[in-house]
Amino acid sequence: MESTDKSATASDAAPLQPAAAAAKYSALQVGLRVLLFAACVSAAVVTGTAKQTEMVSVPGLPPTIRVPFTAKFSHSPAFIYFIAALSLTGLYSIITTLASISVSRKTKTILLAFALFDVAFVGIVASATGAAGGVAYIRLRGNNHVRWNKICNVYDKFCRHVGSAVAVSLFAAGLLVLLSMISTFTLYKKIR
């Protein structure tokens, strides 16, 4: 009689396991998407507020004459693209977070859309991070072959802002890779 009760209890618990696993993945996705939003917004805001004015000597003039020059994100198309891409990804993360919360039962179509759009946004964030990182590296190190001087020795605060924003966006790209893997895994489990 005891063995019958144990088997009845085990059979009752079996149907709850897929629902519990789905709820766990859904909560994980919502949490990661909120974290993605925070990373994208913080990187975009830090880059957008990066501005520094310094008194710099101008070549061709005596070194005692110094002119104020400002370094800001809008001086570089790569940084403008960086902010636009991160803002778009932040909007995407809000939409998918709300969709993850509001859609209680995720269909195969929704999971496929999540997986495909997550992969597309990985490409967008990675390309924006690469563009901003490349420009930031040139500003940090310069390039002697084409006579591009480094500017981070003068505009140190600006360079720290941009560098930290690039690091946070790299974290956001990693989150998107993780989210696409979770969406793909969940879709695979649903198909199988």
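Residue positions are given per chain, counting from 1 as you read along its sequence in written order. The predicted origin of the model limits local features to residues at a pLDDT of at least 70 and limits the giving and counting of side-chain atom pairs to 80 or more, whereas totals for whole chains, interfaces and linings rest on all residues. Note: side-chain values were computed over all heavy atoms of the structure, leaving out hydrogens and water.

- Labelled according to an unreviewed UniProt entry, the protein appears under the name CASP-like protein, originating from Hibiscus sabdariffa.
- UniProt positions are given in the numbering used here, feature names are shortened, and annotations may be inferred rather than shown by experiment. For the record of the protein, the UniProt heading Subunit (unreviewed entry) holds the text "Homodimer and heterodimers."

## Looking at helix 4 (residues 108-141)
For step 1, the next point in the chain: Its 34 residues give helix 4 an end-to-end C-alpha distance of 48 Å, which sits within 8% of 50 Å, the value for a rise of 1.5 Å per residue.
For step 2, the next point in the chain: Within helix 4, the full set of buried residues consists of Leu111, Phe114, Ala115, Asp118, Phe121, Val122, Val125, Ala128, Thr129, Ala132, Ala136 and Arg139.
For step 3, the next point in the chain: Secondary structure is summarised from DSSP: a helix means a run of H or I of at least four residues, a strand means a run of E of at least two, and numbering begins at the N terminus for each. One or two residues past the end of helix 4 sits Gly142, with phi positive at roughly 75 degrees. Expected helix span is taken as 1.5 Å per residue step, with the number of steps being one fewer than the number of residues. Think of it in three bands: with a 1.4 Å probe and only protein chains considered, a residue is buried below 20% of the maximum accessible area for its type, exposed above 50%, and partly exposed in between.

## Concerning the nonpolar core
Nonpolar side chains in soluble globular proteins generally cluster together in the buried interior.
For step 1, the next point in the chain: In plain words, nonpolar cores are sets of buried Ala, Val, Leu, Ile, Met, Phe, Trp, Tyr and Cys residues tied together by side-chain atoms within 4.5 Å. Among the nonpolar cores identified, the biggest contains 33 residues, and Leu36, Phe82, Leu86, Phe158, Val162 and Leu176 are the most heavily contacted of them.
For step 2, the next point in the chain: The set of elements that each furnish at least two residues to this core consists of helix 2 (16-48), helix 3 (77-102), helix 4 and helix 5 (156-191).
For step 3, the next point in the chain: Element by element, the count of residues in this core is highest for helix 5, at 11 residues.
For step 4, the next point in the chain: Any two residues whose heavy atoms approach within 4.5 Å at even a single point are treated as in contact. Ignoring sequence-local partners within four residues, the contact set of Phe158 consists of Ala50, Lys51, Gln52, Ala71, Lys72, Phe73, Phe79 and Arg139.

## Details of the UniProt feature "transmembrane region" (unreviewed entry) in the protein
For step 1, the next point in the chain: Following the UniProt record, the feature "transmembrane region" (unreviewed entry) maps to residues 30-50, 78-99, 111-138 and 165-188 here.
For step 2, the next point in the chain: Taken end to end, residues 78-99 is 100% helix and 0% strand, and its two terminal C-alpha atoms sit 31 Å from one another.
For step 3, the next point in the chain: Annotated as residues 111-138, this span is 100% helix and 0% strand, and its ends, taken at the C-alpha atoms, are 40 Å apart.

## Re the state of the cysteines
For step 1, the next point in the chain: For this text, the term disulfide refers to a pair of cysteine sulfurs within 2.5 Å. Scanning all chains against the criterion turns up one disulfide.
For step 2, the next point in the chain: Linked covalently through their sulfurs, Cys152 and Cys159 form a disulfide whose S-S length is 1.9 Å. Sign of the S-S torsion, about -90 degrees for the bond between Cys152 and Cys159, identifies this disulfide as left-handed. Side by side, Cys152 and Cys159 carry an identical accessibility label, which is buried.

## Focus: the confidence of the model for the protein
For step 1, the next point in the chain: On a range of 0 to 100, pLDDT expresses the predictor's confidence in each residue. Here the protein shows a mean pLDDT of 86. Residues at 70 or above account for 86%.
For step 2, the next point in the chain: Least confident of the elements in the protein is helix 1 (residues 2-13), whose mean pLDDT is 50; most confident is helix 3, at 94.

## Overview of the packing of aromatic side chains
For step 1, the next point in the chain: Classification of ring pairs uses Phe, Tyr and Trp, with its six-membered ring standing for Trp, and accepts pairs whose centres are within 6.5 Å; under 30 degrees between planes counts as stacked, over 60 as edge-to-face, and the remaining range as tilted. Evaluation of the coordinates by the stated rule reveals three aromatic pairs.
For step 2, the next point in the chain: Considering the side-chain rings of Phe79 and Phe158, the 6.3 Å spacing of their centres and the 70 degrees angle between planes classify their relative orientation as edge-to-face. Of this pair, Phe79 sits in helix 3 while Phe158 sits in helix 5, placing them 79 residues apart in sequence. For the pair shown, Phe79 and Phe158 are each scored as buried.
For step 3, the next point in the chain: Taking 6.4 Å as the distance between ring centres and 50 degrees as the angle between the ring planes, the aromatic pair formed by Tyr92 and Phe117 counts as tilted. Separated by 25 residues along the polypeptide, Tyr92 in helix 3 and Phe117 in helix 4 bring together distant segments of the chain.
For step 4, the next point in the chain: Residue Tyr92 is classed as buried on the basis of its relative accessible area, which comes to 8%.
For step 5, the next point in the chain: Cation over ring: Arg33 sits above Phe114, and NZ or CZ is 4.7 Å from the ring centre. We call a charge positioned above a ring when the Lys NZ or Arg CZ atom is no farther than 6 Å from the ring centre and deviates by at most 35 degrees from the ring normal.

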